[in-house]
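# Remarks on the overall topology
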Amino acid sequence: MKLKITQQVLSGMVAHSREAAPYEACGYLAERNGLAEKMFRLTNVDQAPDHFSMDPAEQFSAIREMRDQGLKLRAVYHSHPETPARPSAEDIRHAVDPHISYLILSLLACKRSVRSFRIQQGILKEETIVIV
């Protein structure tokens, strides 16, 4: 398994995560032909440093825009301002779609700051991120 993503989308997620700090940032990545080429910034309505909830109206709007543009949901991303890029117990519990990726971006200065996972029934499988 791998997640192909453009450098522009990755840079956008990093910028969004830094802007949202000290709170978690969250959003969607949309793909076309197997490439995550567009990101949708969503509001973390919890405004918390250790969890997030997406604004439902923004979620519907993003999905509608994806459909209008011939894109499909590929991943949910969020940041961890103060912890490593690995899913928390809450992240695992809330990962309900086994067909998409869950990408986590850590703002800690560590070697692996962005990681992507598939999560199915609580079981994690890390996937390779390919930046094009």
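All of the points below concern the structure found in this document. As the structure is a computational prediction, the values presented were derived from the model and not from experiment.

For the chain, the count of helices and strands is three helices and seven strands. Mapped from its N terminus to its C terminus, the chain presents α and β elements in the order β-α-β-β-α-β-α-β-β-β. Relative to the 2.2 N^0.38 estimate, which gives 14 Å for 132 residues, the radius of gyration of the chain is 13 Å and therefore close to what a compact globule would have. For the chain, the spread of C-alpha atoms along the three principal axes comes to 35 × 30 × 30 Å. Taking all 132 residues of the chain together, 41% fall into the buried category. Expressed as a percentage of contacts within the chain between residues at least 6 apart in sequence, the contacts between residues at least 24 apart total 62%. When the accessible surface of the chain is summed, it comes to about 7300 Å², and 51% of that surface belongs to carbon and sulfur atoms. Between the mean site of the 17 positive side-chain charges and the mean site of the 16 negative ones, the chain shows a separation of 9 Å.

What counts, and at which threshold
The written sequence of each chain sets the order in which its residues are numbered from 1. A pLDDT threshold of at least 70 governs which residues receive local features in this predicted model, and a stricter bar of 80 or more applies before side-chain atom pairs are shown or counted, although totals over entire chains, interfaces and linings include all residues. As a rule here, side-chain values cover all heavy atoms of the structure and leave hydrogens and water aside. Only DSSP runs of H or I with at least four residues qualify as helices, and only runs of E with at least two residues qualify as strands; both kinds are numbered from the N terminus onward. For this measure, only C-alpha atoms enter the radius of gyration; the expected value for a globule follows 2.2 Å times N^0.38, where N is the number of residues. Burial classes follow relative accessibility: with a 1.4 Å probe on protein chains only, a residue under 20% of its type's maximum area counts as buried, one over 50% as exposed, and anything between as partly exposed. Two residues qualify as a contact provided that any one of their heavy atoms is within 4.5 Å of a heavy atom in the partner residue. Note that accessible areas follow from Shrake-Rupley with a 1.4 Å probe, and for residues the cover is restricted to the protein chains shown. When charges are tallied, Lys and Arg are placed among the positive residues and Asp and Glu among the negative ones, while His and the ends of the chain are skipped. Charged side chains are reduced to one point each, which is NZ for Lys, CZ for Arg, CG for Asp and CD for Glu.

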